[in-house]
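# Understanding the architecture of this molecule
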Amino acid sequence: MRHLISPLDFSVEELDKLLDLANDIEKNPDKYAKACDRKKIATCFYEPSTRTRLSFEAAMLNLGGSVLGFAGADSSSAAKGESVSDTIRVISSYADICAIRHPKEGAALVAASKSTIPVINAGDGGHQHPTQTLTDLLTIRSLKGRLDNITIGLCGDLKFGRTVHSLIHALVRYENVKFVLISPEELRVPEYIREDVLKAKGIEYKEVERLEDAIGELDALYMTRVQRERFFNEEDYIRLKDFYVLNKEKLELAKDDMLILHPLPRVNEIAVEVDDDPRAVYFKQAQYGVYVRMALILTLLEIEV
Ligand code: CP
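So, here is what we can say about the structure in this document. Predicted model, so just to flag it, every value in this text is computed and none were measured. (Residues numbered from 1 in each chain as written. Predicted model: local features only at pLDDT ≥ 70, side-chain atom pairs only at ≥ 80, totals over all residues. Heavy atoms only, no water.)

### Comments concerning helix 4 (residues 107–114)
This is how the line gets drawn: With a 1.4 Å probe rolled over the protein chains alone, any residue whose accessible area is under 20% of its type maximum counts as buried; one over 50% counts as exposed, and the rest are partly exposed. Here a strand is any run of E in DSSP of at least two residues, a helix any run of H or I of at least four, and the numbering for each starts at the N terminus. The reported arc concerns the directions from the helix axis to the C-beta atoms and nothing else. Contacts are assigned to residue pairs with any non-hydrogen atoms lying within 4.5 Å of each other.
For helix 4, the full list of buried residues reads Ala 107, Ala 108, Ala 111 and Ala 112. End-on, the buried residues of helix 4 take up no more than an arc of 140°, which puts them together on one face. Exposed positions of helix 4 whose direction lies more than 90 degrees from the buried face are Leu 109 and Ser 113. Where helix 4 is buried, its residues meet helix 3 (84–91), strand 3 (97–102) and strand 4 (119–124).

So, in structure tokens, the structure goes:
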């Protein structure tokens with residue numbers, strides 16, 4: 001039995017296969033419409049979510065399966081003090097696969113250690129968000145045609161943004177990927193990622209504060225929201241929340257084929273006027289999230305169509 005806790009749980013070859021499957025699902029949805037007949041996914045979300053939870057549920061429904069779960073700690077027995085370990089033991093007898101989001105780093109790993117069904121990390125605190133990474137990889141590969149030989153800018157809250165942490169871990173495994181890390185000093189990418197991932201693997205990267213200084217060299221720009229829920233005080237959040245706003249004026253400095261990605265939700269960091277720009281692919285990205293989660297469910301349940 002396999003789980004997905006970190007983007008590194010799949011080799012590059014396995015990832016390629018998963019993304020190929022997602023592309024086939026997009027092209028031939030009817031072929032997969034009954035693949036998960038009588039299978040159930042439990043979505044156990046201890047933190048708010050729109051895309052991740054609903055795309056997992058849409059994915060299982062598209063595969064002919066069913067869904068159960070909870071959308072907040074308050075509506076589960078966590079509110080009475082039940083541990084993640086106990087909860088997953090029980091869920092293991094109710095469902096065939098489980099997607100879990102939890103505010104504590106490592107919660108999905110704990111769940112996997114006690115589970116008898118595949119566990120998918122749907123976000124653990126400020127740590128990792130591997131299925132967002134699968135979504136991001138599918139989006140870049142489908143729209144750019146490759147995952148190697150790209151310069152990607154990661155902009156915004158690189159300290160608390162778990163989507164960024166997972167994406168860096170995944171992309172360093174491809175040839176000639178260069179990173180431009182764009183953040184204010186307080187929201188720089190954590191030291192362990194700089195030292196143990198980027199420097200240790202000899203990856204080319206630079207850190208800049210101004211988006212305008214970097215945007216012209218990027219093949220893809222990954223914008224992120226400042227993560228209010230991870231700040232220790234509101235004053236810092238208010239000071240930093242509008243540090244970056246991508247607007248039409250800044251986009252004039254970008255390449256004509258630069259992809260603009262965002263895991264969403266967006267707050268102010270991308271002006272609404274950008275949405276109609278052909279380079280803005282963040283809503284398409286959310287759609288790719290369904291295909292890739294369908295592919296993931298099939299892969300972890302070892303269902304071949
Ligand atoms: N991208 C993402 O994780 O969105 P949600 O928080 O809405 O699930």
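Now that the structure has been shown, the text picks up again.
### Regarding empty space enclosed by the protein
Unoccupied space between atoms shows up once a probe the size of one water molecule is rolled over them. Note the cut-off: Think of a 1 Å grid over just the protein atoms. A cavity is a set of points where a 1.4 Å probe fits yet cannot get out, a pocket is an open set with protein on both sides within 12 Å along at least five of seven lines, and lining residues have an atom within 4 Å of a point. Grid points are joined across faces, edges and corners, and a volume is the space filled by probe spheres set on the points. In this classification, the charged set is Asp, Glu, Lys and Arg, the nonpolar set is Ala, Val, Leu, Ile, Met, Phe, Trp, Tyr, Cys and Pro, and all remaining amino acids, among them Gly, are polar. All domain edges in this entry derive from an automatic or database-based domain assignment.
Taken as a whole, this structure holds two cavities of 30 Å³ or more when the rule is applied. Around the largest cavity, the lining residues are Arg 51, Thr 52, Ser 55, Gln 132, Thr 135, His 262, Pro 263, Tyr 282, Gln 285, Ala 286, Gly 289 and Arg 293. Looking at the lining of the largest cavity, the elements that each hand over two or more residues are helix 2 (51–62), helix 5 (130–144) and helix 10 (282–300). Of the residues forming the lining of the largest cavity, the biggest block, five residues, is contributed by helix 10. Across the lining of the largest cavity, the residue classes break down as three nonpolar, seven polar and two charged. Taken domain by domain, the makeup of the lining of the largest cavity includes at least three residues from each of domain 1 (7–128 + 289–300) and domain 2 (130–285). Computed from the structure, the second largest cavity encloses a volume of approximately 30 Å³. Around the second largest cavity, the lining residues are Gly 156, Thr 224, Val 226, Leu 240, Lys 241, Phe 243, Tyr 244 and Glu 269. Across the lining of the second largest cavity, the residue classes break down as four nonpolar, two polar and two charged.

That is the geometry; function is a separate question.
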